[in-house]
Amino acid sequence: MAERTVLVTGGTGGLGGAVTAAFLEAGWRVVVPGRERGGRTAPAAGPVRVTADLLDPDGAARAVAVATEEPAAPLRAVVNLVGGYASGGLVHETPIEEFDRMLRLNLRPTYLVTQAALPHLLAAGGGAVVCVSARAAVAPFPGAAGYVTAKAAVQAFANAVAVEYRQRGVRSNTVLPSVIDTPANRAAQPDADHRRWVPPAEIAAVIRFLASDESAPTSGASVPVYGRA
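Residues numbered from 1 in each chain as written. Predicted model: local features only at pLDDT ≥ 70, side-chain atom pairs only at ≥ 80, totals over all residues. Heavy atoms only, no water.

Draft legend 1. Fine view of the overall build of the chain. From N to C terminus, the chain includes six helices and eight strands. A compact globule built from 229 residues would reach a C-alpha radius of gyration of about 17 Å, and the chain, at 17 Å, matches this within 12%. In terms of overall dimensions, the chain has a C-alpha envelope of 50 × 40 × 35 Å along the principal axes. Across the 229 residues of the chain, 44% fall into the buried class. Pairs at least 24 residues apart make up 67% of the contacts formed inside the chain by residues separated by at least 6 positions. As displayed, the chain has an accessible area near 10900 Å², and 54% of this comes from carbon and sulfur atoms. (Helix = DSSP H or I, 4+ residues; strand = E, 2+ residues; numbered from the N terminus. Rg over C-alpha atoms; globule rule 2.2 N^0.38 Å. Buried < 20%, exposed > 50% of the residue type's maximum accessible area, 1.4 Å probe, protein only. Contact = heavy atoms within 4.5 Å. Areas by Shrake-Rupley, 256 points an atom, 1.4 Å probe, with all protein chains shown as cover.)

As structure tokens, this is what we get:
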């Protein structure tokens, strides 16, 4: 029987599947929200899946409610993976709607889910928040100002949480991937040297560490997971 719960947003994606598997392997109860229909399901050997729109405050609250419904396995960690990428022209060529879309997709779910989960982490005596930013947040490249700005905002938000809650037992850290070796990325960049990319399972191990008691002294960190990219 699991003794602690982790809420993993984006847990069905290329990285999310590996993160979910890593926590299940370590004996966590894993809750994975998604927009697909189906209500709430709880397979015996898999994650608890719940339908929730994380762009909506009520949806975020619903996901957190499911993550906190087992008193024997209190919510101890939140992993914010939901996000998206879009490239385009330079800033003067990019419509404000596209810029706004990147902020909404990458930052809003991270904020809403963390906001809803924090009272429960505090009630459980502490816990961890792990956010996924990107190398682009600290090393921008041209043609993706909305994405770059949104990922930098995710990093800044995680740092703000670290400062606000460090005296109350809640830690907050960020991982900064470069290119993750997922089927979608391989399809988008078939001619790239895929050996330089980082497998999702390796990033998942870092995320699980940051959520665990083993990383108890660490908060406010931005951890590069670039591999050789």
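Draft legend 2. Structural detail: helix α4 (residues 145–165). Look at α4: 30 Å from first C-alpha to last across 21 residues, which is about the 30 Å you get at 1.5 Å a residue. Residues of α4 that are buried: G146, Y147, V148, A150, K151, V154, Q155, F157, A158, V161, A162 and Y165. Contacts from the buried residues of α4 go to α3 (96–123), β6 (127–132), β7 (170–177) and β8 (222–225). (Expected span 1.5 Å × (residues − 1).)

Draft legend 3. Looking closely at the nonpolar core. Counting 27 residues, the largest nonpolar core has L7, V31, L75 and L121 as the members making the most contacts within it. Listed by contribution, the elements that provide at least two residues to this core are β4 (48–51), α2 (57–67), β5 (75–80), α3, β6 and α4. Discounting residues that sit within four places of it in the chain, V31 has contacts with T5, V6, L7, V8, V48, V50, A63, V66 and A67. Counting 24 residues, the second-largest nonpolar core is a separate cluster that includes F23, V30, L81 and V175. (Core = buried A, V, L, I, M, F, W, Y, C linked by side-chain atoms within 4.5 Å.)

Draft legend 4. Up close: the packing of α2 against α3. α3 packs onto α2 with a crossing angle of 45 degrees between their chain directions and a minimal axis gap of 9 Å. One finds that α2 runs oblique with respect to α3. The handedness of the crossing between α2 and α3 comes out as right-handed. Here P57, A60, A61 and V64 of α2 come into contact with α3, specifically with R108, L112, V113, A116, A117 and H120. Of the residues that constitute the contact of α2 with α3, the class distribution is eight nonpolar, one polar and one charged. (Axes fitted to C-alpha atoms, helices over the stretch in contact; angles between N-to-C directions. Parallel < 35°, antiparallel > 145°, perpendicular 65-115°, else oblique. Left-handed = near helix turned anticlockwise from the far one by under 90°. Nonpolar A, V, L, I, M, F, W, Y, C, P; charged D, E, K, R; others polar.)

Draft legend 5. Structural view of the packing of aromatic side chains. For the structure on display, the rule yields four aromatic pairs. Taking 5.1 Å as the distance between ring centres and 80 degrees as the angle between the ring planes, the aromatic pair formed by F23 and W28 counts as edge-to-face. W28 carries the same exposure label as F23, and that label is buried. Ring geometry for Y85 and F141: centres 6.5 Å apart, planes at 45 degrees, overall tilted. Taken together, the positions of Y85 in the loop between β5 and α3 and F141 in the loop between β6 and α4 put the pair 56 residues apart, joining distant regions of the chain. Relative accessible area serves as the criterion here: at 46%, Y85 is assigned to the partly exposed category. Taking the relative accessible area as the measure of exposure, F141 reaches 35% and is therefore partly exposed. Taken together, the ring pairs in this structure connect Y85, F141 and Y147 into an aromatic cluster. Positioned above the aromatic ring of Y226, the side-chain terminus of R135 is 4.2 Å from the ring centre. (Phe/Tyr/Trp six-rings, centres within 6.5 Å; stacked < 30°, edge-to-face > 60°. Lys NZ or Arg CZ within 6 Å of the ring centre and 35° of its normal.)

Draft legend 6. A look at α2. For α2, the complete set of buried residues consists of G59, A60, A63, V64, V66 and A67. On an axial view of α2, the arc spanned by its buried residues comes to 160 degrees, and they lie on one face. (Arc of directions from axis to C-beta.)

Draft legend 7. Geometry of the pairing of β6. When you tally the buried positions in β6, you get six out of six residues, the bulk of the element. With burial as the criterion, each face of β6 is covered, one bearing G127, V129 and C131 and the other bearing A128, V130 and V132. Alignment of β5 against β6, held across four bridges, turns out to be parallel. When the sheet's bridge partners are listed, V79 is paired in β6 with V130. With respect to chirality, the unit in which β5 leads through α3 into the neighbouring parallel β6 is right-handed. This β-α-β element, β6 to α4 to β7, shows right-handed connectivity. (Pairing = 2+ DSSP bridges. Right-handed = clockwise from strand over helix to strand, strands pointing away.)

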